[in-house]
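Survey of secondary and tertiary structure
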Amino acid sequence: FRQRGQRPFEWYGAFPELCPVLHKYVRPRDKVLVVGCGNSELSEQMYDMGMCEDIVNIDISDTVIRQMQERSRSKRPKMSYLLMDMLQMDFPDAHFQVVLDKGTLDAVLTDEEEATLTKVDKMFAEISRVLQVGGRYFCVSLAQAHVLKKAVEYFSQEGWVVRVHQVAGSGEKQQFVLPVFVYVMTKFRKIPGSAPQILEICLEEQDKPMRVESTEQLVAAVKDRQHYALLCSQLSKTPCGEQVSLDLCDKESGRPRYTLHVVDSPSVKPSRDNHFAIFIIPQGRETEWLFGTEEGRKQLATSAGFGRLVTVALHREQHYEGMAGIQAELSGKVMKLAPPGLPARQQVPFLSVGGDIGVRTVQHRDTSPLSGEYVVEDVKGDSTFYFRRLIFLRNRNVVQSEARLLAPTPLPGQKKRRKDKKKPSPAEPCAAIDKSYLCCEHHKAMVAGLCLLGGPKPLPGALLAVLVVGLGGGSLPLFIHDYFSQARVAVVEIDPSMLEVATRWFGFSQGDRMRVHISDGLDYVTKLAAEAPAQYDAIMFDVDSKDLTVGMSCPPPAFVEKLFLQKVKTILKPQGVFVLNLVCRDAQLKESVLATLREVFPLLYARRIEGEVNEILFCQPSPEGQQDPTELGARARALEGALRQPGRPWDSSYALADMLQAIKIL
């Protein structure tokens, strides 16, 4: 204080930032005590602004007290500065309506040693003693976890109401990166017994407080804001090498409302207008490769031509008021993620596909004991088509099953809707399923694998026995059933809820050539291997793993263990084919799976699905079944030609020969 002389030292929390919070609680007639006042201008500014005048400031430094007395003696006659230790104050009980502490608790509670905690307990006890019932203790703090936890636990156990405000920044360059908080603790008489704690957090000055259940939740909420501030500070100074993601949550429910990914493109040459942009992903399309993968977002940012692109995914539980509403809601928040070098007052564009936010309609929501919470939703694709999707919410970025919806057709004699009349809502697409269309690329590859079958060409009329493990929405077994007229399809599904979903929402049905068995695929195959070997021409595994901790999401690890694969081989005909949808991000685990497959099946082909993690493996029990590429292509073209029957829908994307051209022998 001697070195600084008359120059004030604020540490953190300038008056313009603190004023909105203090103004909400402090009344002009309140008697205010400032503990550890130092040479801060806070008391003077409160006095000069007319917030209150009866202010007593105390500090243990004789030097600073004399300096402050000289500074305010003539200008502020009702305000006093006293040399006093806050651990042993001379004031009578219940003497003040407000106790104000700006950084003092942070300075005292530097560690959690016993001596320090004892000193803090004395500080709190003295503050409690001199404060009236109904009075408030304001503590301005950086809210380190141990500091916040100590204050909240002490006063909440005394029966006080604890509310934590985050202070809004002034917009000027801050000395501290971390945000400033004000603990507002209101004194109540302690009620004997176990009175409920009242803990609240108010993250922005205009927000109403949000109740939390425990000290741990309060500390966690503050920590989230601190991490966010550190992240924004880091992003404002340097480009991010790796993509950064964060959720912005709904104020009322606390559920994620927006998921943001920050993507930098070093290859983009900076100019005045291409520093920064925001890209709103249309609802329902966040699972697509371009938006839902790191590589896809890199490509999107580069092709958009901006040095930094923030992609914004919208959540299905939330309601949005169009692009303009989203822009108004996000503008202030996303500017905190702006890159270094962004020109002042630069207008930041909001981009999207087609300029809208897409359409998503949740048709059904339920919880399965096996699969957890799931939704069936209709979304608008990148063309005029709508798609129905099944999504397990434990892995919300993965589409479990997908089907295209048929466009509604007018009934005979029905007049066209007049232009001036209200158009049908885009959120109400027709519910009829296009069973001829395979949405998933890996399903097309699995169907193409039937060309590997030995013997006569597997034309649609051939007798085929097919086992599919994993029903999902049922599109794969349905397609085989409908396009291979003599195929008999058995489907094994462990979750009875999925059979109900497939039947009700995806147009699936059973019949003479299509039967579903509700069973664990492991048990079903084991039983068949013991009772009826060599009965299937094709076996297809398209089953997801419920364990998200494993680096392989399809199939579950038990399905690719050697002993079980030998049972699969047992129920497969000698010239048959076993088709496996493998989704494995762990390279070491993937090599282990491939090695096990080679031990059991002498002939192994692989087909990577472009832009996806999926790899389709075609396994055959005999090395003699190896196909010449030319012959394989001819068989694929023959099968495709036979499937293109007059009057039957056929999509040009079912290029079976192209699917098989890209396979390689492992």
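Just above sits the structure.
Here's what I pulled together on the structure shown here.

The rules we used
- Within every chain, residues take consecutive numbers counted from 1 along the sequence as written.
- In keeping with the model being predicted, local features are shown solely for residues with a pLDDT of at least 70 and side-chain atom pairs are shown and tallied solely at 80 or more, while totals for entire chains, interfaces and linings include all residues.
- Only hydrogens and water are removed before side-chain values are computed, so all heavy atoms of the structure are retained for them.
- For the exposure calls, accessible area comes from a 1.4 Å probe over protein chains only, and a residue counts as buried if that area is under 20% of its type's maximum, exposed if over 50%, partly exposed in between.
- Strands here mean DSSP runs of E at least two residues long; helices mean DSSP runs of H or I at least four residues long; both are numbered from the N terminus.
- Any two residues whose heavy atoms approach within 4.5 Å at even a single point are treated as in contact.
- Throughout, an axis means a line fitted to C-alpha atoms (over the contacting stretch in the case of helices), and angles, computed between N-to-C directions, take values from 0 to 180 degrees.
- Should an angle lie under 35 degrees it is considered roughly parallel, over 145 roughly antiparallel, and from 65 to 115 roughly perpendicular; all remaining angles are considered oblique.
- Two helices crossing with the near one rotated counterclockwise from the far one by less than a right angle form a left-handed crossing, whereas a clockwise rotation gives a right-handed crossing.
- In this classification, Asp, Glu, Lys and Arg are treated as charged, Ala, Val, Leu, Ile, Met, Phe, Trp, Tyr, Cys and Pro as nonpolar, and every other residue, Gly included, as polar.
- Any pair of Phe, Tyr and Trp rings, taking the six-membered ring for Trp, is counted once the centres come within 6.5 Å. Such a pair is stacked with planes under 30 degrees apart, edge-to-face with planes over 60 apart, and tilted for the rest.
- Over a ring means this: the NZ of a Lys or the CZ of an Arg is within 6 Å of the ring centre and within 35 degrees of the ring normal.
- Definition used in this section: a nonpolar core is a set of buried Ala, Val, Leu, Ile, Met, Phe, Trp, Tyr and Cys residues joined via side-chain atoms within 4.5 Å.

**Some points on helix H1 (residues 15–25)**
Those residues of H1 that fall on the buried side of the exposure criterion are Phe-15, Glu-17, Leu-18, Cys-19, Val-21, Leu-22 and Tyr-25. Those residues of H1 hidden inside the fold are in contact with helix H2 (42–48), strand E4 (96–102), strand E5 (131–141), strand E6 (161–166) and strand E7 (181–186).

**Let's talk about the packing of helix H15 (residues 562–571) against helix H16 (residues 587–600)**
Put simply, H15 and H16 touch, their axes get as near as 10 Å, and they point 45 degrees apart. Here H15 is positioned oblique relative to H16, judged by the angle of their axes. For H15 against H16, the interelement crossing comes out right-handed. On the side of H15, the interface is formed by Lys-562, Leu-565, Gln-566 and Lys-569, while H16 contributes Thr-596, Leu-597, Glu-599 and Val-600. Here the contact of H15 with H16 is built from residues that sort into three nonpolar, two polar and three charged.

**Concerning the packing of aromatic side chains**
The description of two aromatic rings rests on the distance between their centres and on the angle between their planes. Throughout the structure, instances matching the rule amount to 17 aromatic pairs. Ring geometry for Tyr-154 versus Phe-155: centroids 5.0 Å apart, planes at 70 degrees, classification edge-to-face. Grouping residues by exposure puts Tyr-154 and Phe-155 together as buried. Ring centres of Phe-155 and Trp-160 lie 4.5 Å apart, and the angle between their planes is 45 degrees; on these two criteria the pair is classed as tilted. Across the pair, Trp-160 and Phe-155 agree in class, each one buried. Three or more aromatic residues joined by ring pairs form one cluster here, namely Phe-124, Tyr-137, Tyr-154, Phe-155 and Trp-160. The aromatic ring of Phe-385 is capped on one face by Arg-404, whose charged end is 4.2 Å from the ring centroid. It is Arg-404 that lies over the ring of Tyr-437; its NZ or CZ is 3.9 Å from the centre.

**A few points about the nonpolar core**
In this structure, Leu-33, Leu-105, Tyr-137 and Tyr-183 are the most contacted members of the largest nonpolar core, which totals 41 residues. Once residues within four sequence positions are removed from consideration, Tyr-137 is found in contact with Val-99, Asp-101, Leu-105, Met-123, Phe-124, Ile-127, Leu-131, Phe-155, Trp-160, Tyr-183, Val-184 and Met-185.

**A look at the environment of Arg-76**
Relative to the helices and strands, Arg-76 resides in the loop between helix H3 (62–72) and strand E3 (80–83). In sequence terms Arg-76 and Tyr-47 are 29 residues apart; their C-alpha atoms lie 7.5 Å from each other. Leave out the neighbours within four places in its chain, and Arg-76 touches Glu-44, Tyr-47, Asp-48 and Arg-71.

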